[in-house]
Amino acid sequence: MLRDSPVLLAPMAGVTDKTFRRLAKELGAGLACTEMVSAKALSYGNAKTRALLDVEGETGPTAAQFFGSEPDRMAEAAVAAEELGAAYVDVNMGCPVPKVVKNNEGSALLEQTELAGRIVGAMAGAAGIPVAVKIRLGADPRRIVAPEFAKRMEAAGASLIAVHARTRDQFYSGKADWGQIRLVKAAVSVPVVGNGDIWTPEDARRMLEETGCDAVMVGRAALGDPWLPGRIRRYLLGGDAGLPPDKEEKIAMAMEHSRRLAALKGEGKAIPEMRKHLAWYLKGLPRTAALKEKLFHCRSMEEVEELMKGYLAGDRFPA
C-alpha cells in the first residue's frame, strides 16, 4: 500500500471529512484518513460519529482513526471500521489537546505503555485489517519515549507506526525533530511514516532520505491545498510534481468544495463549516482581508459564489 502511495493525508479534526478526502484523492492523493473518531461515542450508537466513518464511494484506501482508552471499546470500533470498508485503523496516541489528554486518551497514552499495548492488542485481535499507531515523541523534551514506545506497540500487534516528530508540549510549534523518526525506524521492523514540517514535495523527499522512513504524512500543509498530497505522491514516484495552484485554481476549488459539501450536508450546515476552508484557500492571495470578512457572514452558496466570482473579476476589496 505504501509502495503505491508513499504519502498519506493526515487525519485532521474538522478537515479530513468525506468531501475533502474525495477532492484530495481526485487530485492524486493515494491514501487518506478520516477525522479522529471517538470510540466511546461510537459505542453509544451516535449517528454523527458513525457518519465520520463513511468511506463509501471513495477511490483508493481510507484509514479510520480512533481515540479512546478502553480496549474493549477500541476493539469494537476497529470491527465497525472494517465493516464500513476502512483499509486499516489508526490509533491516535498523539493528540495534545488537554480535554483529550485529561481523559487518558491521545498523547496521554505515551506514558501508559501497558494500557496502550492492551488497546492495540485488542484491536488487532478483533479486526481483520491492520492496526496502525500514530504517536508523538513524548510529553516534553525531557521525556522522549518514541523509539521504545514504538517497539512496544509493534510487539502488541501494530502493523505501522506514524511519528509526528514533536512533543505533546510543542503542540504544532517549533521545529519537528526528524532525527527521532530515524531512531523509531531503527527500533522497529514494521513500516514507519514520518510526519512534521512537510510543506513541499522537496521536503517529503528530504525526510525520506534523512530518516529512512517508508512514507510521509502531510497535515497542516494541505489546509486549503488538497493538491499537495497528489503533487508529493507524483514527485516521490518519479514524476513531475507540477506547480502549486494559482489564484484561479484556488478560487475554483474553493467553490467546488463548497458546492459538494452543501450537496452532502445542506447549505445550513455546510456554509459555516466551509468558512475556515475558504480562508485557507485564500491564504497568500492578494487583497483578501475584506473578502474573508464578508465570506464569514455568508449564509448561502449564492452569496459565496457571488463574492468569489467578484474577486476573480477584479472587484475591489479594501486591503
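Coordinates for the structure precede this section.
Residues numbered from 1 in each chain as written. Predicted model: local features only at pLDDT ≥ 70, side-chain atom pairs only at ≥ 80, totals over all residues. Heavy atoms only, no water.

Engineer: Explain the pairing of strand 8 (residues 215-218) here, please?
Structural biologist: Successive side chains on a regular strand alternate, one facing one side of the sheet and the next facing the other. With burial as the criterion, each face of strand 8 is covered, one bearing Ala215 and Met217 and the other bearing Val216 and Val218. In this sheet, strand 8 lies alongside strand 1 (residues 7-9) in parallel orientation, the contact comprising three bridges. Of the residues in strand 8, the one forming a bridge with valine 7 is valine 216. Taken together, the three bridges between strand 7 (residues 192-195) and strand 8 define a ladder with parallel strand orientation. What sits directly across from valine 193, in strand 8, is alanine 215. Where the polypeptide runs from strand 7 across helix 9 (residues 201-211) and back to strand 8, its parallel neighbour, the crossover connection is right-handed. (Buried < 20%, exposed > 50% of the residue type's maximum accessible area, 1.4 Å probe, protein only. Helix = DSSP H or I, 4+ residues; strand = E, 2+ residues; numbered from the N terminus. Pairing = 2+ DSSP bridges. Right-handed = clockwise from strand over helix to strand, strands pointing away.)

Engineer: Whenever I open this one, the packing of helix 4 (residues 71-83) against helix 6 (residues 113-126) confuses me. Can you help?
Structural biologist: Packed helices, taken two at a time, are described by the angle their axes make and the gap between the axes. Contact pair helix 4 / helix 6: the axes reach a minimum separation of 8 Å and the direction vectors enclose 35 degrees. Judged by the sense of rotation from one axis to the other, the crossing of helix 4 with helix 6 is right-handed. Touching Pro71, Met74, Ala75, Ala78 and Val79 of helix 4 are Leu115, Arg118, Ile119, Ala122, Met123 and Ala126, all from helix 6. Tallied by class, residues from the contact of helix 4 with helix 6 come to 10 nonpolar, no polar and one charged. (Axes fitted to C-alpha atoms, helices over the stretch in contact; angles between N-to-C directions. Left-handed = near helix turned anticlockwise from the far one by under 90°. Contact = heavy atoms within 4.5 Å. Nonpolar A, V, L, I, M, F, W, Y, C, P; charged D, E, K, R; others polar.)

Engineer: Explain a negative patch on the surface to me, please; I cannot follow it from the model alone.
Structural biologist: Side chains of Glu267, Glu302, Glu303 and Glu306 sit close together on the surface and give a patch of like negative charge. Within the secondary structure, glutamate 306 is located in helix 14 (residues 301-313). (Patch = residues over 30% accessible without salt bridge, like charges linked within 9 Å, V, L, I, M, F, W, Y side chains within 5 Å. Areas by Shrake-Rupley, 256 points an atom, 1.4 Å probe, with all protein chains shown as cover. Salt bridge = Lys/Arg side-chain N within 4 Å of Asp/Glu carboxyl O. Lys, Arg positive; Asp, Glu negative; His and termini not counted. Charge placed at Lys NZ, Arg CZ, Asp CG, Glu CD.)

Engineer: What is the right way to read the state of the cysteines from this model?
Structural biologist: What makes a disulfide is a covalent bond joining the sulfur atoms belonging to two cysteines. This model, assessed by the stated rule, comprises zero disulfides. With no disulfide of its own, cysteine 213 lies closest to cysteine 33 among cysteine sulfurs, the gap being 17 Å. (Disulfide = S-S within 2.5 Å.)

Engineer: Would you mind showing me how to read the pattern of salt bridges here?
Structural biologist: Where charged atoms from two side chains of opposite charge come close, those side chains can pair. Taken as a whole and assessed by the stated rule, the structure comprises 20 salt bridges. For glutamate 26, the salt bridge identified is with arginine 260, shortest N-O distance 2.8 Å. Placement of the pair is glutamate 26 in helix 1 (residues 18-26) and arginine 260 in helix 11 (residues 247-265), with a sequence separation of 234 residues. Using a relative accessible area of 48% as the deciding quantity, one classes glutamate 26 as partly exposed.

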